[in-house]
Amino acid sequence: MRERLPQVNQALYLFHKALNRPFSGSEDLMVHALGLIIRQLPVDRLCAFSCSGGERTLRLEFCLDRGRWIEVDEEIHLDDAAPLWRLAEGERRHLAFASPHPVLYVPLRWEGSRPGAGAVLRLERLSGHPFTPREREFASLLAEELAQNLHQALTDEQSAERLARLKAMNEVSAVFAGSMRVEDGLRVILQGVARLFGFDRVRLYLVDRQARVLRGELSVDVRGRVLTLREEEVPLASEHRLVRALNGDGGDALMEQHEDRILGLPLVVQGQKTGLLIADNLLSQQPIGAVDAALLGSFAGQIALAVDNARLFEEVQALSLHDSLTGLPVRRFFDQRLQEELYRAERFGHGLALAIMDVDHFKPVNDTYGHQIGDAVLQAVGGVILRNLRKLDFPARYGGDEILVLLPQTKEEDALAIMSRLLEQIRRLRIPVEFSKTGALAVTASIGIACYPDDGRTPEELLRRADEALYWVKSKGRDGLTSRRRVEAAKGAQP
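Only a predicted model underlies this, so the values are computations on that prediction, with no experimental measurement involved.

Undergrad: Please explain the overall build of the protein chain as it appears in this structure.
TA: Per the secondary structure count, the protein chain includes 14 helices and 20 strands. Across the 495 residues that make up the protein chain, the buried fraction comes to 46%. A fraction of 57% describes how many contacts in the protein chain between residues 6 or more apart in sequence connect residues 24 or more apart. Summed over its atoms, the accessible surface of the protein chain is roughly 26,200 Å², and 50% of this surface lies on carbon and sulfur atoms.

Undergrad: Would you mind showing me how to read unusual backbone geometry here?
TA: Leave glycine aside and you will find that most residues have negative phi; peptide bonds, for their part, are mostly trans. A cis amide bond, omega 5°, links S99 with the succeeding residue P100. With respect to the helices and strands, the residue P100 is situated in the loop between β5 (95-97) and β6 (103-108). Residues other than glycine seldom take positive phi values, yet Q285 does so here, at roughly 65°. Looking at where Q285 falls in the secondary structure, it is placed in the loop between β13 (272-280) and α8 (290-320). A positive phi angle is found at R478, which is not glycine, with a value near 65°. For R478, a relative accessible area of 33% puts it in the partly exposed group.

Undergrad: For this particular structure, what's the right way to read the sheet that holds strand β20 (residues 480-483)?
TA: What links the strands of a sheet is backbone hydrogen bonding, and the strands pair in either a parallel or an antiparallel sense. Reading across the sheet, the five strands line up as β15-β16-β14-β19-β20 and stay open at both edges, with mixed pairing between neighbours. Every interior strand has two partners, whereas the edge strands, β15 (394-399) and β20, have only one. Averaged over all pairs of adjacent strands, the angle between their axes in this sheet comes to 20°, without regard to strand direction. For strand β14 (residues 352-359) and strand β19 (residues 445-452), the ladder comprises eight bridges, and the chain directions are antiparallel. Residue pairing for β19: A355 is matched across the bridge by I449. Relative to the sheet, helix α12 (residues 412-427) contacts β14, β16 (402-408), β19 and β20, its axis offset from that of β20 by approximately 170°.

Undergrad: Help me understand a negative patch on the surface in this model?
TA: On the surface, a cluster of negative charge is contributed by E27, D28, D156 and E157. Sorting the residues of the negative patch by element identifies α2 (26-40) and α4 (133-177) as the ones contributing at least two each.

Undergrad: In this structure, what is going on with helix α9 (residues 331-348)? I would like to understand it.
TA: One full turn of an α-helix is made of 3.6 residues, so residues set three or four places apart face in the same direction. Taking 1.5 Å per residue as the helical rise, α9 with its 18 residues ought to reach 26 Å, and the 25 Å between its terminal C-alpha atoms agrees with that figure. Contacts made by the buried residues of α9 are with β14, β15, β16, β19 and α13 (459-475). A positive phi of about 75° marks G349, the residue just after α9.

Undergrad: Help me understand empty space enclosed by the protein in this model?
TA: To locate leftover empty space, one rolls a probe as large as a water molecule over the atoms. Per the counting criterion, the structure on display carries one cavity of 30 Å³ or more. By volume, the largest cavity is sized at about 40 Å³. Forming the boundary of the largest cavity are E341, R344, A345, H350, G351, L352, P408 and Q409. With three residues, α9 is the largest single contributor of residues to the lining of the largest cavity. Within the lining of the largest cavity, the residues separate by chemical class into three nonpolar, three polar and two charged.

Undergrad: I would appreciate a short explanation of the side chain of D200 in the present structure.
TA: For D200, the location among the structural elements is in the loop between α5 (182-197) and β8 (201-208). For the buried D200, no salt bridge is present, and the opposite-charge side chain at shortest range is R201, 8.0 Å distant. From its side chain, D200 meets the backbone nitrogen of S284 in a polar contact 2.6 Å long. When near neighbours in sequence (up to four residues on either side) are disregarded, D200 contacts V220, D221, V222, D280, N281, L282, L283, S284 and Q285.

Reading guide: rules and limits
- Residues numbered from 1 in each chain as written.
- Predicted model: local features only at pLDDT ≥ 70, side-chain atom pairs only at ≥ 80, totals over all residues.
- Heavy atoms only, no water.
- Helix = DSSP H or I, 4+ residues; strand = E, 2+ residues; numbered from the N terminus.
- Buried < 20%, exposed > 50% of the residue type's maximum accessible area, 1.4 Å probe, protein only.
- Contact = heavy atoms within 4.5 Å.
- Areas by Shrake-Rupley, 256 points an atom, 1.4 Å probe, with all protein chains shown as cover.
- Pairing = 2+ DSSP bridges.
- Axes fitted to C-alpha atoms, helices over the stretch in contact; angles between N-to-C directions.
- Patch = residues over 30% accessible without salt bridge, like charges linked within 9 Å, V, L, I, M, F, W, Y side chains within 5 Å.
- Salt bridge = Lys/Arg side-chain N within 4 Å of Asp/Glu carboxyl O.
- Lys, Arg positive; Asp, Glu negative; His and termini not counted.
- Charge placed at Lys NZ, Arg CZ, Asp CG, Glu CD.
- Expected span 1.5 Å × (residues − 1).
- 1 Å grid on protein atoms, 1.4 Å probe; cavity = no way out; pocket = protein on both sides within 12 Å on 5 of 7 lines; lining within 4 Å.
- Points joined across faces, edges and corners; volume = space filled by probe spheres on them.
- Nonpolar A, V, L, I, M, F, W, Y, C, P; charged D, E, K, R; others polar.
- Polar contact = N/O pair within 3.5 Å; in protein donor to acceptor, adjacent residues only side chain to side chain.

And the structure:
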């Protein structure tokens, strides 16, 4: 039928004209085209299958049965030598069977399509005569015309999807860049990647060069749920699969087994590897397409730069919020934290204690031994505080030799016990002083404590009450601690 009959040419022209109009997408095109084909050829059922090259599988996508669209689950698994798979790869124009009823397969392939891509049409006559050579060739010509239109529709869809994702990723990146905390920004960008690409899971690991490890940060699943990965650490000198992916050396047997479902993207800034982004579809087992991999890869550099800038910003911010001499937070940072903890204490009924510490005889130390020794005293006291307080406690340098300690979720007796242990550690300090008689300087401190809500409900009230307790200790000879309530009790017991 290479020399087409006039009626065939006319039918192809009408088919071409009918398909060359705007459609809402490839699915709309297929529905319209299959309806036209079934009018051109007398068949009872017309099915369209998508091809999965990696699995050698045909999956039923559309089925038009006697003029009705029906939903049927069907998969055809083939091997490399199967005639039907050779047809799907473009080695045959059509494939016909006469039993148990006449069936004709024709490929939907377009110029330049890779092996295993595209689709396959199956035409069935549940009763009646087999497909003639002329009908087979006519079906192939209709499929070729449909394939070109389908290819264009799919290309347009991919372009539109790519543009939409680019726009969305730019918006996510802008939100990330505006985040003031690294963890907040990482959560935003990982949730954006998982949502936009539909990955089962997205994980982020960052390089800690000082500790020489690749440390987990966050994991986000397709539902947007965020989990921390802080417990995961992999030595950079190891042969772990994540380190190999970071270095571009390929994965181990597990990653190679699922290579089309796992995507590892090293994050690089100015030639330095700063982290690793891992996306996977291990749960759904859906392959990660080349378009998605390329699109996300184009954002890897932007993500890496944003992460690096955010980490640098947080480091600079941390330096501005901490006293360079003692390593303790500064007063304005403490004020913010105190407001937050007061709110929690009021809302949840938690206890809260505030302590003020004063290094004893600090001015005479500066006057006698010089400011370098005075700085050494403050450094040593700051180190003791940072090493011995609980994780939820929050100290700060108040000014000069005065130090504030915020003790959340703490009652008076517990606060006295905590600060008593801290005071004992300070008493053990010895600051080397070469030109002194003893060769070392002992350190003591005085501490006053106020508690919420009995001693005050505002920062100003608590600071004033703690200060009153501090000066009571200093008036009694220093090197001790007390609470405001104990001060009142002691005053009441005086004759």
